[in-house]
Structures are given as C-alpha cells and as structure tokens.
Amino acid sequence: MPNSTLSPLSGRTVLVTGATSGIGYETARQLAERGATVLLHGRTAEETQAAADRLIATTGVSASQLATYVADFTHLEEVETLAHTVVAAHPHLDVLVNNAGMAAPERHTVTADGNEIAFQVNFLAHYLLTCLLEPALTSNPGGRVVNVSSSLHRTASIQWADPNRARRYSRLAAYAQSQLALTVFAADPRVTAVSVHPGVCDTALLPLYSHEGVSPTEGAAHVVRLCDPAVEIVNGAYYDRDERVDPAPAATEDRTIRRLTKLADLLVGHTA
C-alpha cells in the first residue's frame, strides 16, 4: 500500500524510539509529514534536537508537531524517567514505535543494570517503556505498539537460564535473541501490538544481514503503515514488510509469552 493511499494522521500522537537516524528518523519524518504529532526519542539531547531541527528545515514540518525526549537505553533508570515525562505531557498516546536498536558488540558487554547490552537496549528497555506507557496507550480505544523487529528472530532461541549469554556469547545469537524477545512481546495481551521486519535496510545494522539493503525511507514506510488506524491489526501479528506472515513458532506460544514476561519483569525490576 503506497503512502499516498493512507489516511492523514493529524490529531494522532506517536512516540518513536531511536528517531535520530535510520529507520527511526524516516518513520518520524513520514508520520510528521502526514500530520501526526511526533515525540522524537534519542540517546542524547544533542542528537535528538539535531534530528528535530533537520525535520523542520528539510520537510516544512511545524516545530509545534515535534517534541524531543532523551534516554540512554543502557540505563533503565533513564527509561523510567522518559516514560513518566511522556505520560505527564501526553496522557493519551496513540502509537508507540519501539524502534531503537543496536548490533550486539563483538565482546560480551553487560550494562550497569546487569544485563547483556543488546538484550537490554533492543528488548528490555522497550519492555519497560511499554509497560510504563500502558495507561497512556489504553486511555482511549485504538492505542497500539509497533515493534520494529527482524527476520533474524527466526534463527534465535532465548537462553532462559543464561539470558545474558555469559557462558556462550555470539554477537549474532545475542542480537537474534533480542529480536525474538521483542517479537514474542508483541503477543502480550496488555496492549495491542504488532511486530514488523521492515526489510534489509541500509542502516548501521546492515552488516548483520548482508552487504546491500534498501533505503531507510522504504523500510520506514512499512512501519508507518502499521501506525495508521485505518490499517486493521491483530494483537501479536508479525509482518514481513507489508505482508502478514507467521512468526517463529515460539513467538505465539502462551508458555513462552508468560515465561518471557516473568523474566523481563525480574530483569527490569518491574511488577506487571
């Protein structure tokens, strides 16, 4: 479905994590150009303000449509502060796009919170953020979450006894585990959510996949489509670009969903 056939999004408020570059920036741009109020999240104040300034300068988007928020997802305390700040300013949120992500580093790395860094940035931070934003997302019917996942989730397994992969670390396996967790989380019943593989895009994560990818603009269009209230979604659905397909079998298993929720609550220190 090309963007031209999608409905305008004026009156909608969307938070996009990792909105300073790549798919996140392009998602924010396309949403703002269609009239949405976009809350831009970035890791630093400088990066986030630069992204907002760039949008205003290059697209004609009004500054009143944009707001900037900062949190380093390697620190869960900053994620909590982000959530509380957003809810205070926007008690009603139409869409949360969980996009921020990183490639797992070559060497096993643990955050100050005690979690393997890719698992925390790509999944646990978004898990915590979504849980804390639940009141805003469910304040009116129709709120939804779009998790920007990866087809690599199909290669993954969650190491329940060692989610930090301290005993046996591989950067590709660690990244894939974080994407499987994010895809499983879309089936959590508390908030209507879907996950999407936006295609192999030419972003910082490209080396994980291949040598060539489509533009972030093209990948973002698949994300934006799922933000449109005119596009009907089913909780837990998984999309490969604009086609709904079955995710890895584990992603829809009730036992796996419950087990992941229990593990995530433990690791983020949050009681659901």
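I will try to describe carefully the structure that is included in this document. Because the structure is a prediction, the values reported are computed rather than measured.

**Remarks on the environment of R259**
So, step 1. Summarising the element assignment, R259 is placed in helix α7 (residues 254–268).
So, step 2. For R259, a relative accessible area of 34% puts it in the partly exposed group.
So, step 3. Distance in space between the C-alpha atoms of R259 and W160 is 8.6 Å, their sequence separation being 99 residues.

**Details of helix α5 (residues 171–185)**
So, step 1. Compared with the 21 Å implied by 1.5 Å per residue over 15 residues, the 21 Å span of α5 between its first and last C-alpha is a close match.
So, step 2. Within α5, 12 of the 15 residues are buried, leaving the element largely enclosed by the surrounding structure.
So, step 3. Elements that come into contact with the buried residues of α5 comprise β4 (95–98), α4 (117–137), β5 (144–148), β6 (193–197), β7 (238–240) and α7.

**A closer look at α4**
So, step 1. C131 marks the point of greatest bend in α4, at about 35°, and the proline P135 comes within the next four residues.
So, step 2. Of all 21 residues making up α4, 19 are buried, and the element is well covered by its neighbours.
So, step 3. With a side-chain oxygen positioned 3.1 Å from the backbone nitrogen of A118, the residue opening α4 is E116.

**Some remarks on the nonpolar core**
Within soluble globular proteins, side chains that are nonpolar generally end up buried alongside one another.
So, step 1. Within the largest apolar cluster, 47 residues are counted, with the highest numbers of intra-cluster contacts made by L15, F73, F123, L129 and L133.
So, step 2. Contributions of two or more residues to this core are made by α3 (76–89), α4, α5 and α7.
So, step 3. Take this core: its biggest share by element is 14 residues, from α4.
So, step 4. Other than its neighbours up to four places away in sequence, L129 contacts L15, T17, F73, V79, L82, A83, L96 and N98.
So, step 5. Listed in part, the 32 residues of the second largest apolar core include V14, I23, V61 and V231.

**Concerning the packing of aromatic side chains**
So, step 1. Tallying each qualifying case throughout the model produces four aromatic pairs.
So, step 2. Consider the rings of F119 and F123, whose centres lie 5.4 Å apart with planes at 50°: the pair is tilted. Note that F119 and F123 are positioned in helix α4 at a spacing of four residues, about one turn of the helix. Neither residue differs from the other here; F119 and F123 are each classed as buried.
So, step 3. Taking 6.1 Å as the distance between ring centres and 75° as the angle between the ring planes, the aromatic pair formed by F123 and F185 counts as edge-to-face. Here F185 lies in helix α5 and F123 lies in helix α4, a separation of 62 residues in the sequence. Take F123 and F185: they sit in the same class, and that class is buried.
So, step 4. What links up through ring pairs into an aromatic cluster is the set F119, F123, Y127 and F185.
So, step 5. Over the face of the ring belonging to Y25 we find R54, whose NZ or CZ atom lies 4.1 Å from the ring centre.

**Regarding the pattern of salt bridges**
So, step 1. Applying the stated criterion to the full structure yields eight salt bridges.
So, step 2. Across the pair R29 and E33 runs a salt bridge whose closest N-O atoms are separated by 2.9 Å. Taken as a pair, R29 and E33 lie in helix α1 (residues 22–33) at a separation of four residues, close to a single helical turn.
So, step 3. R171 is the salt-bridge partner of E106, the closest N and O atoms lying 3.6 Å from each other. Placement of the pair is E106 in the loop between β4 and α4 and R171 in helix α5, with a sequence separation of 65 residues.
So, step 4. On the basis of relative accessible area, E106 is assigned to the exposed category, the value being 63%.
So, step 5. Each member of the salt-bridge network shares a partner with another, and the members are E26, R29 and E33.

**Some details on the environment of A221**
So, step 1. Mapping A221 onto the fold places it in helix α6 (residues 216–227).
So, step 2. Residues A221 and I257 lie 36 residues apart in sequence; the distance between their C-alpha atoms is 28 Å.

**A closer look at the side chain of T17**
So, step 1. With respect to the helices and strands, the residue T17 is situated in the loop between β1 (13–16) and α1.
So, step 2. Judged by relative accessible area, which is 0%, T17 ranks as buried.
So, step 3. Leave out the neighbours within four places in its chain, and T17 touches H41, F73, L96, V97, N98, N99, A100, H126 and L129.

**Some remarks on the sheet that holds β1**
The pairing of strands in a sheet happens through backbone hydrogen bonds and is either parallel or antiparallel.
So, step 1. The strand order across the open sheet formed by eight strands is β3-β2-β1-β4-β5-β6-β7-β8, and the pairing between neighbours is mixed. Of all the strands in the sheet, the pair left with one neighbour each is β3 (66–70) and β8 (243–245). With direction set aside, neighbouring strand axes in the sheet form an average angle of 25°.
So, step 2. Examined bridge by bridge, β5 and β6 share four bridges and lie parallel to one another. Across the sheet, V148 pairs through a bridge with V196, a residue of β6.
So, step 3. Packed onto the sheet, α3 meets β1, β2 (37–42) and β3 and runs at close to 155° relative to β3.
So, step 4. Here α5 sits on the sheet and contacts β4, β5, β6 and β7; the angle it forms with β5, its principal contact strand, is near 160°.

Calculation rules
- Residues numbered from 1 in each chain as written.
- Predicted model: local features only at pLDDT ≥ 70, side-chain atom pairs only at ≥ 80, totals over all residues.
- Heavy atoms only, no water.
- Helix = DSSP H or I, 4+ residues; strand = E, 2+ residues; numbered from the N terminus.
- Buried < 20%, exposed > 50% of the residue type's maximum accessible area, 1.4 Å probe, protein only.
- Expected span 1.5 Å × (residues − 1).
- Contact = heavy atoms within 4.5 Å.
- Bend = angle between axes of the 7 residues up to and from the residue.
- Polar contact = N/O pair within 3.5 Å; in protein donor to acceptor, adjacent residues only side chain to side chain.
- Core = buried A, V, L, I, M, F, W, Y, C linked by side-chain atoms within 4.5 Å.
- Phe/Tyr/Trp six-rings, centres within 6.5 Å; stacked < 30°, edge-to-face > 60°.
- Lys NZ or Arg CZ within 6 Å of the ring centre and 35° of its normal.
- Salt bridge = Lys/Arg side-chain N within 4 Å of Asp/Glu carboxyl O.
- Pairing = 2+ DSSP bridges.
- Axes fitted to C-alpha atoms, helices over the stretch in contact; angles between N-to-C directions.

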